[in-house]
Amino acid sequence: MTKTAGITWAAASARRSERQFLARSARTGTPVADVAAAMLGVHAQVLSAAELSVGLRADGVTRTDVRDALWPTARLAPPAPALAPAPALVKTHGPRGTVHLLPARDLPMWCAALPAIPAGPAAFPAGVRLTGEQAGQVVAAIADALDGAFLTIDELGEEVVARTGPWAGDLVMPAFQTMWPRWRQVLHRAGQCGALSFGPNRGRRVTYTRPPHFTPLPPEEATRLLVRRYLYAYGPATPQHFARWLAAPPGWAKDRYAELAAAGEIEEVRFEGAPAWVAAGDTGFPDAPERDELLRGVRLLPYFDAYVVAAQPRELLFPGAAYRRALAGGQAGNFPVLLVDGVAAGVWHQRRRGRRTTITVEPLARLTARQERELAERAERVGAVLEAAAELVIGEVTVGAHA
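(A) Summary view of the sheet that holds strand β16 (residues 356-363). The 5 strands are arranged β13-β14-β15-β16-β17 in an open sheet whose pairing can be described as mixed. Edge strands, defined here as strands with exactly one partner in the open sheet, are β13 (298-301) and β17 (389-394). Taken pair by pair, the neighbouring strands of this sheet meet at an average axis angle of 30°, ignoring direction. Relative to β17, β16 runs parallel, the two being bridged by 6 bridges. If you follow Ile 359 over to β17, its bridge partner there is Leu 392.

Here is the structure:
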């Protein structure tokens, strides 16, 4: 491990991979919340992809372990015991307003930092959107209705209208060839504030509940902590990288970096010849032999895996043909990605039928015999996480982005 002011892409990737449990899996018995914390949240718009993101980083972990961390009482016969364990993970609206798995212990940071990000232009005209006062009433009503309950969206809507007024239920939001009630404009805000999280499905229907109670950090403290956590996981990185990952205004992100730099909490380094930042004192990166060992090999990462979304510069993670094949208009995550020696080198897709899943991998260059053997092991691990028998096919992936 050396300290240097001139950090290469390979050195940064090796350190990120190690800290993300990609270079070396977390040992058996590591809590899944620790893995999610290292990733700084697990994208979970598709829950099976989130289960893979966690399970592929931790020895022996399956989708059942992830779900038990989310809903520890779901498999208990009702009524649940009064001293039932609290969830270690919470499925809620996280970075970029999208659904993530977040460690419950990190909610004081997330639920103070995310609401502090300046909002963009209003998405709805004045006659449709909620006023600031109305939005606050709806969020409070959601928190009250979900405390100790698991409700479908329709059940939650009835409770919100009963606690606020008929205006909350006005069908004014165009959505999927229908109209949604006014109150649903702040569903993601309720999640980011800690008033709402996702419960286990009731059949095919999504349910919502309230996460464990907590006291948010002061917003400024939470934001500063989030920057440092981001740089520890994904640094070196610029304010523009941070803004892109968080879907925040670039000027706001630049101001946050400037504040932390002035306070001595982050420091500037040279990364691939350009200025970037790391957490103060966190300037050690792997030497060449260790770096190459950390990056060597093949890995399968699912849709919107945190590593491919957050690791920047993106054109170095997706070099050449990978930029055209594995991204969608420059956006990462729409395709599951094959990593070879630390860079995107193909795409893959899995199709499940009952207790079996077929994993089709499309490399962008010919794999060596050793890499093919390792790929077979990785595919088998995907099946183990999903609790299915896996069959590997090396060939063209014919489905489109996010299929």
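(B) Fine view of the sheet that holds strand β4 (residues 89-93). Taken in spatial order, the 3 strands line up as β3-β5-β4 in an open sheet, and their pairing is antiparallel. Across the chains shown, the open sheet's two edge strands, defined by having one partner strand only, are β3 (42-43) and β4. Strand direction decides the pairing type here: β3 and strand β5 (residues 99-103), joined by 2 bridges, are antiparallel. Bridging from a neighbouring strand, Val 42 pairs with Leu 101 of β5. In the packing of helix α4 (residues 63-70) onto the sheet, contacts are made with β4 and β5, and the angle to β4 comes to roughly 80°.

(C) Local environment of the pairing of β13. Burial along β13 is two-sided: the face carrying Val 298 and Leu 300 and the face carrying Arg 299 and Leu 301 are both buried. Pairing geometry for β13 and strand β14 (residues 337-340), over 4 bridges, is antiparallel. Of the residues in β14, the one forming a bridge with Arg 299 is Leu 339.

(D) Structural view of the nonpolar core. Ranked by internal contacts, the top residues of the largest apolar core, which has 75 residues, are Leu 156 and Phe 242. Beyond its immediate sequence surroundings of up to four residues, Leu 156 is in contact with Ile 142, Ala 145, Leu 146, Leu 151, Trp 183, Leu 187, Leu 196 and Tyr 208. Counting residues in each nonpolar core, the second largest holds 30 residues, with Leu 22, Ala 49, Val 309 and Leu 317 among its members.

(E) Seen up close, the pattern of salt bridges. Evaluated as defined, the whole model comprises 23 salt bridges. Note that Arg 67 and Glu 51 form a salt bridge whose closest N and O atoms lie 2.5 Å from each other. Linking Arg 67 in helix α4 with Glu 51 in helix α3 (residues 47-55), this pair joins segments that are 16 residues apart in sequence. Relative accessible area serves as the criterion here: at 33%, Arg 67 is assigned to the partly exposed category. Between Asp 106 and Arg 229 there is a salt bridge, and its shortest N-O distance comes to 3.1 Å. On the criterion of sequence distance, the pair formed by Asp 106 in the loop between β5 and α5 (107-113) and Arg 229 in helix α9 (residues 219-234) is long-range, its members being 123 residues apart. Look at Asp 106 and you get buried, because its relative accessible area is 9%. Given the relative accessible area of 23%, Arg 229 is considered partly exposed. In this structure, a network of salt bridges that share partners links the residues Glu 220, Arg 224, Arg 228 and Glu 265.

(F) Quick look at unusual backbone geometry. Cis geometry is found at the peptide bond from Gly 235 to Pro 236, where omega equals 0°. Here Pro 236 is to be found in the loop between α9 and α10 (239-246). Between Gln 312 and Pro 313 the backbone carries a cis peptide bond, its omega angle lying at 0°. Mapped onto the secondary structure, Pro 313 falls in the loop between α13 (306-310) and α14 (314-317). Of note, the phi angle at Phe 21 is positive, near 60°, even though the residue is not glycine.

Parameters and conventions
- Residues numbered from 1 in each chain as written.
- Predicted model: local features only at pLDDT ≥ 70, side-chain atom pairs only at ≥ 80, totals over all residues.
- Heavy atoms only, no water.
- Pairing = 2+ DSSP bridges.
- Helix = DSSP H or I, 4+ residues; strand = E, 2+ residues; numbered from the N terminus.
- Axes fitted to C-alpha atoms, helices over the stretch in contact; angles between N-to-C directions.
- Contact = heavy atoms within 4.5 Å.
- Buried < 20%, exposed > 50% of the residue type's maximum accessible area, 1.4 Å probe, protein only.
- Core = buried A, V, L, I, M, F, W, Y, C linked by side-chain atoms within 4.5 Å.
- Salt bridge = Lys/Arg side-chain N within 4 Å of Asp/Glu carboxyl O.

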